[in-house]
Amino acid sequence: MVLRFLHRILEIFLHLERRMEQPFLRPAFDAVFRMPIAILLTALINLGRSRDNVGLAEETPQLGEDEDTETMIDEMRRHLVRDFPRGGFERAGNTKTHGLVRGELTIHDGLPENLRRGLFATPETYRCWVRFSGPGPHVEPDINDVGFASISVKAMGVEGEKLWDDEKHTQDFTGVCTPSFVTPDVRANARLQYWSRRHLPVFYFLDPREPHVLDMLMQGLWNETQTNPLGGTYYSCVPYLMGPVQAMQYSFWPMTNVPRKIPGLPFWPADNYLRDNMVQTLDQTDVEFEMRVQLQTDPFLMPIENNAVMWPTRLSPRVPVATLRIPRQKFDYPDQLAFTRYLRFNPWHCLKDHRPLGNQSRARKRMYDEMASFRQRMNGVIHVEPTGDERFGPEREEQRGAQEAVA
């Protein structure tokens, strides 16, 4: 009871802070203080780490990984059963869908030899489904969220052998708005899920037995009132292969000026103002993101197994490799939004040259698969591997009419 009271007080403070930080305070703070503080916090996190004798792109299995993964899955499954009705299950993480939109991922020509690996080996354009979402694990008014946003990109028509065989022609990329992950490893993530299911995630960070205060502060530097998902920057946070014995992290950087006004501040904005701003944007203009990769050059300062450490750009800059273009479109059709329930975004939907690395990625392989199967089973829907030919809204009705006419 005391913990819930303290958590409620913190929630009230955060709600007030979110209403005041944009557009007045936060941009100025970020421009002046964010990166210096992030560099300091990263140095303090590294002081508490031991130097493992590992090489570049080398993984080190953690003790108890399987048990911790099982705990995560159990906690997430209990959360879904408790918080959502049968037939209305959402994802246990990256829960609230702001929009599912069509896009194109174009691989740049003339990349350096060490970046021409896997999907980036040759210039090509791939059709994509792109999902923008909030953190969860609940579906709340946007202003009540914790200032966290995510992107999931499913490139289609990708040839080559995949690591996860439930989809044959896709390559998935996922990212969040923070350059380091909320937990360092799968053991800590299991603990976070324990507190999240109890609606008390702050006590994961402040637990005196095993505090994660530095991680909380680092996340806080990027957790801010979201204004428009189409104008956010998204980071993979966890590493992936970039061909044999070469590790990378990737990110998506906005290249288009988009509307960022939040109608209703400092009082009460619309519950789905983020979707509203996406609709306004794509009614008016195309949107582009630049995809960049950062290669691992130091196995300690750019670790594989600890994802709470921000990889320093002074050691390895982020290099543009592709452009994600989202053309003008209307996307807020109920059937298009519902289509997200048929989709599975999984970083293991990938070519071998882009295998996910580290203990949290290894946990994701099982967790994403089991949770997606459970969610879709409870919703009575099947898993669909999309092709990009799907139609929704008026286009779907036209397509159906044409098919009936032919029949």
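Before going into details, it helps to say that this report is about the structure given with it.

Basis of the calculations
Residues numbered from 1 in each chain as written. Predicted model: local features only at pLDDT ≥ 70, side-chain atom pairs only at ≥ 80, totals over all residues. Heavy atoms only, no water. Core = buried A, V, L, I, M, F, W, Y, C linked by side-chain atoms within 4.5 Å. Buried < 20%, exposed > 50% of the residue type's maximum accessible area, 1.4 Å probe, protein only. Helix = DSSP H or I, 4+ residues; strand = E, 2+ residues; numbered from the N terminus. Expected span 1.5 Å × (residues − 1). Arc of directions from axis to C-beta. Contact = heavy atoms within 4.5 Å. Phe/Tyr/Trp six-rings, centres within 6.5 Å; stacked < 30°, edge-to-face > 60°. Lys NZ or Arg CZ within 6 Å of the ring centre and 35° of its normal.

Here we look at the nonpolar core
Thinking step 1. In terms of nonpolar packing, the biggest core is built from 40 residues, with Leu105, Phe120, Phe132, Phe173, Phe252, Met291 and Leu324 touching the most fellow members.
Thinking step 2. At five residues, the largest contribution of residues to this core is made by strand β8 (residues 287–295).
Thinking step 3. Ranked by size, the runner-up nonpolar core spans 22 residues in total, among them Phe148, Val176, Val202 and Tyr204.

Focus: helix α2 (residues 65–83)
Thinking step 1. For α2, built from 19 residues, the straight-helix expectation of 27 Å at 1.5 Å per residue is met to within 8% by its first-to-last C-alpha distance of 27 Å.
Thinking step 2. Of the positions making up α2, those classed as buried are Glu65, Asp68, Thr69, Met72, Ile73, Glu75, Met76, His79 and Leu80. Looking straight down α2, one finds that the buried residues subtend no more than 165 degrees of arc, so they occupy a single side. Projecting away from the buried face of α2 at angles above 90 degrees are the exposed residues Asp66, Glu67 and Val81.

Side note on the side chain of His212
Thinking step 1. Locating His212 in the fold gives a position in the loop between α4 (202–206) and α5 (213–222).
Thinking step 2. In contact with His212, other than residues within four places in its own chain, are Pro184, Ala188, Tyr204 and Phe205.

Regarding the packing of aromatic side chains
Thinking step 1. Within the structure shown, the criterion is met by 17 aromatic pairs.
Thinking step 2. Look at Phe132 and Tyr234: their rings are 6.0 Å apart centre to centre, the planes differ by 55 degrees, and that puts the pair in the tilted class. With Phe132 in strand β2 (residues 125–133) and Tyr234 in strand β5 (residues 234–235), this pair connects stretches of sequence that are 102 residues apart.
Thinking step 3. Exposure remark for Tyr234: the relative accessible area of 1% places this residue in the buried category.
Thinking step 4. Seen from their ring centres, Tyr234 and Phe289 are 6.3 Å apart, and the 55 degrees between their planes marks the pair as tilted. In this pair, Tyr234 is assigned in strand β5 and Phe289 in strand β8, connecting sequence segments 55 residues apart. Neither residue differs from the other here; Tyr234 and Phe289 are each classed as buried.
Thinking step 5. Among the aromatic residues, ring-to-ring pairing joins Phe120, Phe173, Tyr240, Tyr250 and Phe252 into one connected group.
Thinking step 6. When the ring centre of Phe345 is taken as reference, the NZ or CZ atom of Lys154 above it lies at 5.2 Å.

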